[in-house]
Amino acid sequence: KAGVTQTPRYLIKTRGQQVTLSCSPISGHRSVSWYQQTPGQGLQFLFEYFSETQRNKGNFPGRFSGRQFSNSRSEMNVSTLELGDSALYLCASRLGGNTDTQYFGPGTRLTVL
Amino acid sequence: KQEVTQIPAALSVPEGENLVLNCSFTDSAIYNLQWFRQDPGKGLTSLLLIQSSQREQTSGRLNASLDKSSGRSTLYIAASQPGDSATYLCAVKETSGSRLTFGEGTQLTVNP
């Protein structure tokens, strides 16, 4: 069974631009979550999508948004990029129960210049 | 607000040594606790998941324990190998849904 895939793996953008990251969950998984990892703040939860609906949201500004499609693939969008948005963005998928394991993708490394 | 702390922040040991990584959390009302490893620049690999009703889980040379009442978990690695070198992260899930709160990790180096 294929794991969680994320595209692209690396991105370089400039301040003020916007970016869209993509995540394909493990087949059959209905929940997709996004996390931001930085050296200073560690891993922080962005949001979760389940069956195309946002179920939970972390403490990030409205510039960070996402969506999920009917095939469970998810996209994350960041508008008006700032230098501080440079980070590794990780996507995780799980079946959807409350107690199941989360599986992470390899991440997208975003650099904002 | 849940806070997760991992001690030590870094650990260097010779190959073959048994070692323990520690994780503590401030709110004991958790659904489960998960241990991950992360290699440099890579994503997270799930190692063990302990449900709130369980005391421990084992996988190969890894054993994780959970004491919910005291807000502590430990990851025991037996007979460490250089390939175990990585950052180890623990994360707790408090509510329904996927939201995990992570510790800052323990960077482990196993020297040949």
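Look up a bit, the structure's there.
The sections below set out a description of the structure shown in this document.

How each quantity is defined
Residues numbered from 1 in each chain as written. Chains lettered and ligands numbered in written order. Predicted model: local features only at pLDDT ≥ 70, side-chain atom pairs only at ≥ 80, totals over all residues. Heavy atoms only, no water. Pairing = 2+ DSSP bridges. Helix = DSSP H or I, 4+ residues; strand = E, 2+ residues; numbered from the N terminus. Axes fitted to C-alpha atoms, helices over the stretch in contact; angles between N-to-C directions. Contact = heavy atoms within 4.5 Å. Buried area = accessible area lost by both parts, 1.4 Å probe. Salt bridge = Lys/Arg side-chain N within 4 Å of Asp/Glu carboxyl O. Polar contact = N/O pair within 3.5 Å; in protein donor to acceptor, adjacent residues only side chain to side chain. Nonpolar A, V, L, I, M, F, W, Y, C, P; charged D, E, K, R; others polar. Buried < 20%, exposed > 50% of the residue type's maximum accessible area, 1.4 Å probe, protein only. Disulfide = S-S within 2.5 Å.

## Remarks on the sheet that holds strand E8 (residues 74-78) of chain A
Residue and element names in this part refer to chain A.
Here comes step 1: Taken together, four strands build an open sheet; the order of strands is E1-E3-E8-E7 and the sheet is antiparallel. Two strands in the sheet have a free side with no partner beyond their single neighbour: strand E1 (5-7) and strand E7 (64-68). Within the sheet, the average angular offset between the axes of one strand and its neighbour, ignoring direction, is 20°.
Here comes step 2: Of the strand pairs in this sheet, E1 and strand E3 (residues 19-24) are connected by three bridges, and their pairing is antiparallel.

## Description of the interface of chain B and chain A
Here comes step 1: At the junction of the two partners, chain B supplies 21 residues and chain A supplies 24 residues.
Here comes step 2: Taking both partners together, chain B and chain A bury about 1,700 Å²; carbon and sulfur atoms supply 48% of that area.
Here comes step 3: Counting the surface chain B buries against chain A, the share from its top three residues, Leu44, Ser98 and Arg99 of chain B, is 32%.
Here comes step 4: There are zero salt bridges connecting chain B and chain A.
Here comes step 5: One can count five residue pairs in polar contact (both at pLDDT 80 or more) joining chain B with chain A.
Here comes step 6: Elements with a contribution of two residues or more to the side of chain B that touches chain A: strand E4 (32-38), strand E5 (44-51), strand E9 (86-93) and strand E10 (100-102) of chain B.
Here comes step 7: Among the residues forming the side of chain B that touches chain A, the class breakdown is seven nonpolar, 11 polar and three charged.

## Thoughts on the environment of Glu75 of chain A
Residue and element names in this part refer to chain A.
Here comes step 1: Looking at the secondary structure, you find Glu75 in strand E8.
Here comes step 2: Judged by its relative accessible area of 16%, Glu75 falls in the buried class.
Here comes step 3: Separated by 18 residues in the primary sequence, Glu75 and Ser93 place their C-alpha atoms 13 Å from one another.
Here comes step 4: Setting aside residues up to four positions removed in sequence, Glu75 forms contacts with Thr20, Leu21, Ser22, Trp34, Ser65, Gly66, Arg67 and Phe69.
Here comes step 5: At a separation of 3.3 Å, a polar atom in the side chain of Glu75 contacts the side chain of Arg73.

## A short note on the sheet that holds strand E6 (residues 56-59) of chain B
Residue and element names in this part refer to chain B.
Here comes step 1: One open sheet accounts for five strands, arranged E1-E3-E8-E7-E6; its pairing is antiparallel. Of all the strands in the sheet, just strand E1 (4-7) and E6 have a single pairing partner and so form its edges. The mean inter-strand angle of the sheet, taken between neighbouring strand axes irrespective of direction, is 15°.
Here comes step 2: As judged from the six bridges shared by strand E3 (residues 19-25) and strand E8 (residues 72-77), these two strands associate in the antiparallel manner. Residue Leu19 lies in a different strand from E8, and its bridge partner there is Ile77.

## Examining the state of the cysteines
Here comes step 1: Taken as a whole, this structure holds two disulfides over all chains when the rule is applied.
Here comes step 2: Here Cys23 of chain A is linked by a disulfide to Cys91 of chain A, with a sulfur-sulfur distance of 1.7 Å. Disulfide Cys23 of chain A-Cys91 of chain A: torsion about the S-S bond near -50°, hence left-handed. One end of the pair, Cys23 of chain A, is in strand E3; the other, Cys91 of chain A, is in strand E9 (residues 87-94), and 68 residues separate them in sequence.
Here comes step 3: Of the residues examined, Cys91 of chain A reaches a relative accessible area of 0% and is grouped as buried.
Here comes step 4: Across a sulfur-sulfur distance of 1.9 Å, Cys23 of chain B and Cys90 of chain B are joined as a disulfide pair. Disulfide Cys23 of chain B to Cys90 of chain B: torsion about the S-S bond roughly 75°, handedness right-handed.

## Digging into unusual backbone geometry
Here comes step 1: Here Thr7 of chain A and Pro8 of chain A are connected by a cis peptide whose omega angle stands at -10°.
Here comes step 2: Checked against the element boundaries, Pro8 of chain A lands in the loop between E1 and strand E2 (10-13).
Here comes step 3: Following Ile7 of chain B, the chain continues into Pro8 of chain B via a peptide bond in cis, with omega recorded as 0°.
Here comes step 4: In this fold, Pro8 of chain B is placed in the loop between E1 and strand E2 (10-14).
Here comes step 5: Positive phi is not limited to glycine here, since Glu52 of chain A has a value of about 70°.
Here comes step 6: Structurally, the position occupied by Glu52 of chain A is in the loop between strand E5 (42-50) and strand E6 (53-57).
Here comes step 7: Since its relative accessible area comes to 47%, Glu52 of chain A is described here as partly exposed.

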